[in-house]
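Examination of the molecular architecture
Listed below are the residues making up each chain.
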Amino acid sequence: KAFKTANAFSNQINSMPSAFTQTLTSLDFGFGESYEIVIVGDRNNKLTKEFVKYFRSKFLTNKIILHKEPGDDKLRTIAPFTEFQTQKNNKTTVYICRNYVCEIPITDLADIEKIFLH
């Protein structure tokens, strides 16, 4: 439906793209590869907050940030791929996934910055 809607307005979008920034952003999300970023950690933990702040500051139109409290399995009901994602060494842990395939868990903000600086 989203693509049909965009197609219906394609003439207007082509003539004035700056008026359709949200539409273009959602099209980018629909066409491109998505990032599912899972942060496993206590929401009040300093490192958890730093990870959330970092990812919110990055303009990636195709990102979804999910937060999973340690020991809470409710998230898996809407995102089954998160079932086995846990904290490593009792530290807030980030899983960066593309199309539901996740890379190794990361517990250091500097390692995440290396990934997204490229």
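Structural notes, computed from the coordinates. Just so we're clear, the structure is a prediction, and the values are computed from it rather than from any experiment.

Among the nonpolar cores identified, the biggest contains eleven residues, and these are Tyr35, Ile37, Ile39, Phe51, Val52, Tyr54, Phe55, Val94, Ile96, Ile106 and Ile112. Listing elements by their share of this core, those giving two or more residues are strand 1 (35–40), helix 4 (46–57) and strand 3 (93–98). Broken down by element, the residue count for this core peaks at four residues, all from helix 4. Membership of the second largest hydrophobic core comes to seven residues, among which are Val38, Leu75, Ala79 and Tyr95.

We now examine the environment of serine 34. Relative to the elements of secondary structure, serine 34 occurs in the loop between helix 3 (21–31) and strand 1. Look at serine 34 and you get buried, because its relative accessible area is 11%. Along the primary structure serine 34 and lysine 63 are separated by 29 residues, whereas in three dimensions their C-alpha atoms are 5.8 Å apart. Those residues in contact with serine 34 that sit more than four places away from it in its chain are Asn62, Cys97, Arg98 and Asn99. Only 2.6 Å separates the side chain of serine 34 from the side chain of glutamate 36, close enough to count as a polar contact.

With that settled, the discussion passes to helix 4. Between its first and last C-alpha, helix 4 extends 17 Å over twelve residues, near the 16 Å set by a 1.5 Å rise per residue. When we look at burial in helix 4, the residues that qualify are Thr48, Phe51, Val52, Tyr54 and Phe55. Along the axis of helix 4, the buried residues cluster in a sector spanning 160°; they form a single face. Facing away from the buried side of helix 4 by over 90 degrees, the exposed positions are Lys46, Lys53, Arg56 and Ser57.

What follows is about the side chain of threonine 92. Along the polypeptide, threonine 92 turns up in the loop between strand 2 (63–68) and strand 3. Of note is the side chain of threonine 92, whose polar atom sits 3.3 Å from the side chain of asparagine 45. A polar atom in the side chain of threonine 92 sits 2.7 Å from the side chain of threonine 48. Setting aside chain neighbours within four positions, we find threonine 92 in contact with Ile39, Val40, Gly41, Asn45, Leu47, Thr48, Phe51, Gln87, Ile106 and Thr107.

Now for the sheet that holds strand 3. Taken in spatial order, the four strands make up an open sheet running 2-1-3-4, and their pairing is mixed. The sheet terminates laterally at strand 2 and strand 4 (101–102), the two strands that pair on one side only. Where strand 1 lies against strand 2, six bridges are found, and the strand directions are parallel. Following the sheet pairing, valine 40 is matched in strand 2 by lysine 68.

What counts, and where the lines are drawn
- Residues numbered from 1 in each chain as written.
- Predicted model: local features only at pLDDT ≥ 70, side-chain atom pairs only at ≥ 80, totals over all residues.
- Heavy atoms only, no water.
- Core = buried A, V, L, I, M, F, W, Y, C linked by side-chain atoms within 4.5 Å.
- Buried < 20%, exposed > 50% of the residue type's maximum accessible area, 1.4 Å probe, protein only.
- Helix = DSSP H or I, 4+ residues; strand = E, 2+ residues; numbered from the N terminus.
- Contact = heavy atoms within 4.5 Å.
- Polar contact = N/O pair within 3.5 Å; in protein donor to acceptor, adjacent residues only side chain to side chain.
- Expected span 1.5 Å × (residues − 1).
- Arc of directions from axis to C-beta.
- Pairing = 2+ DSSP bridges.

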